[in-house]
Amino acid sequence: MWSAVYDFLYWYMGVPLLVIAFVIAVLHVVYWNLRVSRHWDRTARMLDVGGYTRFYFCAIMQSFHMTKGVFTPVGKEKPTPVTNKVSAMGVRNKVLSVYYPDNTDEMMVIVDCYMFHQALSRYRRCIDFKGDHMEIPPVFMSVYFNKSLIALGSSELSRSPILGAVHFKQEVTVYQDLAPLLTSLFSMSCYAEEYRITEKGVEVDIVMKIFDEHEILVWDAVVTGISLLPNSKRKRKVSSEISKDQIIAEEGDFVPYKQDIITTDHLTGLKFAKASMDYQPQHLWGWSAKIVGFNSPIAHGLWTMAVAAERIMRSETCYRDVYPLQLETSFRRPLVLGNSGLLHYEKPDGEKNLSHFKVIHPKTKLAYVTGKIYVGPKNKKE
């Protein structure tokens, strides 16, 4: 009798458990070799994410290996610039607690970087770039950083899930001509500056910088994203029930100087994903978008930002070969693939040639993207 019990336990419980343990061990070994660790020397080749399989594998495994940040409830920490912020989507996200990583210890520095010319060519085609072949679009280096962001998000340095994260704000500064990066090595740094637990999810500000071969800062950006909480991932539809006063308060009021139409098709997300290595599911197919709470696939925020900047800079010569060039953009609503947006921007004005712009729905006038472009030092935060 006991022999039969032993055989049953061994074959129907012991062996399956051993197999499961072996599979888990193999997955962890693979993950530890694919991810980027702060203890390794990091080069551009290590940050070449690869494709769908590697991206999703690291993103899923990362959720089991995140370092725990010590979040401090707002009001109990020392006075800081952190306040309850209004998100780029016009919804007040109440900040419940904050966490400040040790940037010295957790900064990811990537050396011996080189231009990914194939990705740059794809990128130029995706945004219908009309510039010179030696010109690098100002937003492109953000796309280049997707490799390090994915690596950072799939490493032990991350405090929030990367899969399904929503990108809702970006600031870019170009300090000088980027053309030398086409033929010379450069270095990059990337770190999470601040995490915030809000009512919607975990927000994070990531600072990205690029230095030329002489270690001179030539480009930087601040990216703000949010990993939504499970109860926030409800199906999202843009309501047309909104008053003119609400539109003005949310997007700002200016007299359009020029306008242009920005169109998408059902392959826009896939094409830009290949150029940017950003395979977030909400940008690819209908079924994958539903997994993270969207009814339909949506355009990358960086794609909309880049197309808007390209149209403005091709039309207005005051932004060409003038540095520093500043781009500040908020991604307010998803642009569903297959739909169009209307680009409005005001006439460049003042010493900085400041121009506000927005990409809006042609009928409802609700904004997909709002922002401003100007030259000179960055404007102070209000």
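Residues numbered from 1 in each chain as written. Predicted model: local features only at pLDDT ≥ 70, side-chain atom pairs only at ≥ 80, totals over all residues. Heavy atoms only, no water.

Glancing now at the overall build of the chain. A count of helices and strands for the chain gives 10 helices and 14 strands. The buried share of the chain, taken over its 382 residues, is 49%. Of the contacts formed within the chain by residues at least 6 apart in sequence, a portion of 74% connects residues at least 24 apart. Put simply, the chain shows about 19300 Å² of open surface, and 59% of that area lies on carbon and sulfur atoms. (Helix = DSSP H or I, 4+ residues; strand = E, 2+ residues; numbered from the N terminus. Buried < 20%, exposed > 50% of the residue type's maximum accessible area, 1.4 Å probe, protein only. Contact = heavy atoms within 4.5 Å. Areas by Shrake-Rupley, 256 points an atom, 1.4 Å probe, with all protein chains shown as cover.)

For the rest of this paragraph, the subject is the confidence of the model for the chain. Of the residues in the chain, 63% reach a pLDDT of 70 or more, and the chain-wide mean stands at 76. Within the model, the stretch residues 75-92 combines pLDDT values under 50 with 31 contacts to residues more than four positions away or in other chains. Across residues 231-249, where pLDDT falls below 50, the model places 28 contacts with residues more than four positions away in sequence or in other chains. (pLDDT = per-residue confidence, 0-100.)

What follows deals with the packing of helix H4 (residues 117-126) against helix H8 (residues 268-276). For the pair H4 and H8, interaxial distance at closest approach is 8 Å and the crossing angle is 150°. Between H4 and H8, the interaxial angle falls into the category roughly antiparallel. Considering how the two elements wind past one another, H4 and H8 form a crossing that is left-handed. Only Lys 271, Phe 272, Lys 274 and Ala 275 of H8 make contact with H4, whose side of the interface consists of Ala 119, Arg 122, Tyr 123 and Cys 126. Among the residues making up the contact of H4 with H8, the classes are represented as five nonpolar, no polar and three charged. (Axes fitted to C-alpha atoms, helices over the stretch in contact; angles between N-to-C directions. Parallel < 35°, antiparallel > 145°, perpendicular 65-115°, else oblique. Left-handed = near helix turned anticlockwise from the far one by under 90°. Nonpolar A, V, L, I, M, F, W, Y, C, P; charged D, E, K, R; others polar.)

On to H4. Those residues of H4 that fall on the buried side of the exposure criterion are Ala 119, Leu 120, Tyr 123, Arg 124 and Cys 126. Projected down its long axis, H4 carries its buried residues within an arc of 160°, all on one side. When the buried face of H4 is taken as reference, the exposed residues oriented beyond 90 degrees from it are Gln 118 and Arg 125. Where H4 is buried, its residues touch helix H5 (140-144), H8 and helix H10 (301-315). One or two positions beyond H4, positive phi appears at Asp 128, with a value near 55°. (Arc of directions from axis to C-beta.)

Walk down a regular strand and you will see the side chains alternate between the two sheet faces. Counting buried positions along strand E12 (residues 340-345) gives five out of six residues, so the element sits mostly inside the fold. Summarising the sheet, strand E10 (residues 258-263) and E12 pair through six bridges and their orientation is antiparallel. Note that in E12 the partner of Thr 263 across the bridge is Ser 340. Sheet analysis places E12 next to strand E13 (residues 355-360), joined by four bridges and oriented antiparallel. Each residue of the ladder has a partner; that of Leu 342, found in E13, is Ile 360. (Pairing = 2+ DSSP bridges.)

This part is about the nonpolar core. Within the largest apolar cluster, 64 residues are counted, with the highest numbers of intra-cluster contacts made by Met 141 and Trp 219. With nine residues, H10 is the single largest residue contributor to this core. With residues near it in sequence (within four places) discarded, Trp 219 still touches Pro 138, Met 141, Ser 142, Phe 145, Val 172, Thr 173, Val 174, Tyr 175, Leu 178, Met 208, Lys 209 and Ile 210. Core analysis: the second largest hydrophobic core is formed by five residues, Leu 270, Ala 273, Tyr 279 and Leu 284 among them. (Core = buried A, V, L, I, M, F, W, Y, C linked by side-chain atoms within 4.5 Å.)

Okay, unusual backbone geometry next. Trans peptide bonds make up most of the peptide bonds, and negative phi angles are found at most residues other than glycine. Here the bond from Tyr 323 into Pro 324 is cis, since omega is -5°, no more than 30 degrees from zero. If you trace the backbone, Pro 324 turns up in the loop between H10 and strand E11 (325-331). Of note in the backbone geometry, Asp 128 takes a positive phi value of approximately 55° without being a glycine. Of note, Asp 128 is situated in the loop between H4 and H5.

Two side chains that carry opposite charge are able to pair once their charged atoms sit near each other. On inspection of all chains with the given rule, the structure shows nine salt bridges. In this structure, the salt-bridge partner of Arg 314 is Glu 135, at a minimum N-O distance of 2.8 Å. In this pair, Arg 314 sits in helix H10 while Glu 135 sits in the loop between H4 and H5, placing the two residues 179 residues apart along the sequence. The exposure class of Glu 135 is partly exposed, given its relative accessible area of 25%. Linking Asp 260 and Arg 311 is a salt bridge whose minimum nitrogen-to-oxygen distance equals 3.2 Å. Of this pair, Asp 260 sits in strand E10 while Arg 311 is found in helix H10, placing the two residues 51 residues apart along the sequence. The class for Asp 260 is partly exposed, based on a relative accessible area of 31%. On the basis of relative accessibility, which here comes to 23%, the residue Arg 311 falls in the partly exposed class. One network of salt bridges, in which partners are shared, links Glu 194, Arg 196, Glu 203 and Asp 205. (Salt bridge = Lys/Arg side-chain N within 4 Å of Asp/Glu carboxyl O.)

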